[in-house]
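Now for the letters of each chain:
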There are 2 protein chains.
Amino acid sequence: MTAADRQLELWFEFGSTYSYLTVCRIEDAAAAHGVDILWRPFLLGPIFKAIGWDTSPFNLQQAKGRYMWRDLERQCVAEDLPFRRPSRFPQHSVLAARVAILAADHGWCAAFARGVMHANFAEDEDIADPVTIGTIVEGLGHDGKAVLAQAQTTETKDRLRHQTERAAALGIFGAPTLITADGEMFWGNDRVEQAIAWARRSQ
Amino acid sequence: MTAADRQLELWFEFGSTYSYLTVCRIEDAAAAHGVDILWRPFLLGPIFKAIGWDTSPFNLQQAKGRYMWRDLERQCVAEDLPFRRPSRFPQHSVLAARVAILAADHGWCAAFARGVMHANFAEDEDIADPVTIGTIVEGLGHDGKAVLAQAQTTETKDRLRHQTERAAALGIFGAPTLITADGEMFWGNDRVEQAIAWARRSQ
């Protein structure tokens, strides 16, 4: 077994409620089984737009949306995560995703993603605001101003766009989505354990 | 605690892939915790139609559909259930649901539902065919001809229509859906254990 067999891609979106749960718990869960997480921020917006949706399906289907908020609340209790229903949903996640692309280059995407998710789903902060994102970056010991500037370059914008196109090409339709080194896909926070087990077996 | 506190409604649809998993395992899972299942067959078609869909979302969203079939296959392996992808999806489930309404009156809905689900998702039989349904009914020791005749009366048709309207009024948007005596809703085969635990605690 090579090291690559023990890797698991986590495709996540900062506006996604169930991505909050997975982002907060996956590193510990994967580490316990010797599996490394590859962080893959992307945008659901373009993927939803391609099937004709202009917002989250939880807004388009009201009954499903009502259920989701209740289910999320229960899951947060079960996983001992703080939760406050965001006043905006889904939040505009482009800036956070661009920064996450850079954070993934340098090994601090896990901590950054947890910080942004906490701001969105526990503190109801505006994650589209550069001040919010800059503060999280600074809190991790990095230069907020420099990172925000790099996030807004054409190169970083293109990288996020390409990553989202790659998500669509892989057949990703929601978040979180986990993909093993041998291409097996698992969708949703409810499949984290199965995905880790698959990555570990390295089939 | 009264007996009613330990009851859990299972709202299911014979064409629904994840209902197959739940129908096959819920009785044993619930009995182990002293919880009784109330069988609530209904139709997803009218509920989907109300939000503008003329078929299953797994047909409308192709990427999600592709994933679902792979996930279902994996779940069947994990739960040791036979699986053959049905040549028709979703199957026309009205007749089976009408018979299930009657079966629930007389305490044999669990066994009947497992039989129909097996015909659909393991044997790829046509569950809209009265011969298929009649054979399952006979196999449970009941009069197939008489049950099919009663299933097609105006009274039974009305009962299924009302049950489906009640599902919509309860906020049900998919299947399987589990509802506790105190009105807590759990959606999907992945929530069976949580729903049983909730029913057991009787909050």
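Owing to the predicted nature of the structure, the values given are computational and were not obtained by experimental measurement.

Engineer: Could you give an account of the packing of aromatic side chains, naming the residues involved and the relevant values?
Structural biologist: Taken as a whole, this structure holds 28 aromatic pairs over all chains when the rule is applied. When the centroid spacing of 5.6 Å and the interplanar angle of 50° are considered together, the rings of F173(A) and Y67(B) count as tilted. One end of the pair, F173(A), is in the loop between α9 (154–169) and β3 (177–180); the other, Y67(B), is in helix α4 (residues 62–78), on a second chain. Counting every residue linked through ring pairs, the aromatic cluster contains F12(A), F14(A), W39(A), W108(A) and F112(A).

Engineer: Pulling in residues and values, what's your account of the relation of the copies chain B and chain A?
Structural biologist: For the match of chain B to chain A, the screw axis carries a shift of 0.0 Å, the RMSD comes to 0.0 Å, and the turn is 180°. Given the turn and translation reported, the copies of this chain are related as if by a two-fold rotation axis. Of the C-alpha atoms belonging to chain B, the one lying closest to the rotation axis is found on D190(B), 3.6 Å away. Mapped onto chain A, 100% of the interface residues of chain B are again interface residues, and the two copies thus contact each other with one and the same surface.

Engineer: Could you give an account of the sheet that holds β3(A), with specific residues and numbers?
Structural biologist: All names here are of chain A. Ordered in space as β2-β1-β3-β4, the four strands form an open sheet in which the pairing is mixed. With partners counted over all chains shown, the strands left at the sheet margins are β2 (36–41) and β4 (185–187), one partner each. Neighbour-to-neighbour, the strand axes of this sheet turn through a mean angle of 20°, independent of strand direction.

Engineer: Please set out the pairing of β2(A) residue by residue, giving values where relevant.
Structural biologist: For a regular strand, the rule is simple: side chains alternate between the two faces of the sheet. All names here are of chain A. Across six bridges, the pairing between strand β1 (residues 7–12) and β2 is parallel. From the neighbouring strand, L10 faces β2, where its bridge partner is W39. On the question of chirality, the crossover connecting β1 to the parallel β2 by way of helix α1 (residues 17–31) is right-handed.

Engineer: Give a description of the interface of chain B and chain A that names residues and reports values.
Structural biologist: Note on interface size: it is often stated as the accessible area lost on association of the parts. Contact with chain B, which involves 20 residues of that partner, is made by 20 residues of chain A. Summed over both partners, the interface of chain B with chain A buries about 2000 Å², with 50% contributed by carbon and sulfur atoms. Three residues, Y67(B), F173(B) and R191(B), lead the burial of chain B against chain A; their summed loss comes to 28% of the area buried on that side. Here chain B and chain A share eight salt bridges between them.

Engineer: Hey, could you go over unusual backbone geometry for me, with residue numbers and the actual values?
Structural biologist: Cis peptide bonds are those with omega within 30 degrees of zero, and the linkage from F89(A) to P90(A) qualifies with -10°. Mapped onto the fold, P90(A) is located in the loop between α4 (62–78) and α5 (94–105). Of the consecutive residues A175(B) and P176(B), the connecting peptide bond is found in the cis state with omega at 0°. Along the chain, the position of P176(B) falls in the loop between α9 (154–169) and β3 (177–180). Even without glycine at this site, D80(A) takes up a positive phi of about 60°. By the secondary structure assignment, D80(A) is in the loop between α4 and α5. Positive phi is not limited to glycine here, since D124(A) has a value of about 55°.

Basis of the calculations
Residues numbered from 1 in each chain as written. Chains lettered and ligands numbered in written order. Predicted model: local features only at pLDDT ≥ 70, side-chain atom pairs only at ≥ 80, totals over all residues. Heavy atoms only, no water. Phe/Tyr/Trp six-rings, centres within 6.5 Å; stacked < 30°, edge-to-face > 60°. Helix = DSSP H or I, 4+ residues; strand = E, 2+ residues; numbered from the N terminus. Least-squares fit on C-alpha atoms with pLDDT ≥ 70 in both. Contact = heavy atoms within 4.5 Å. Pairing = 2+ DSSP bridges. Axes fitted to C-alpha atoms, helices over the stretch in contact; angles between N-to-C directions. Right-handed = clockwise from strand over helix to strand, strands pointing away. Buried area = accessible area lost by both parts, 1.4 Å probe. Salt bridge = Lys/Arg side-chain N within 4 Å of Asp/Glu carboxyl O.

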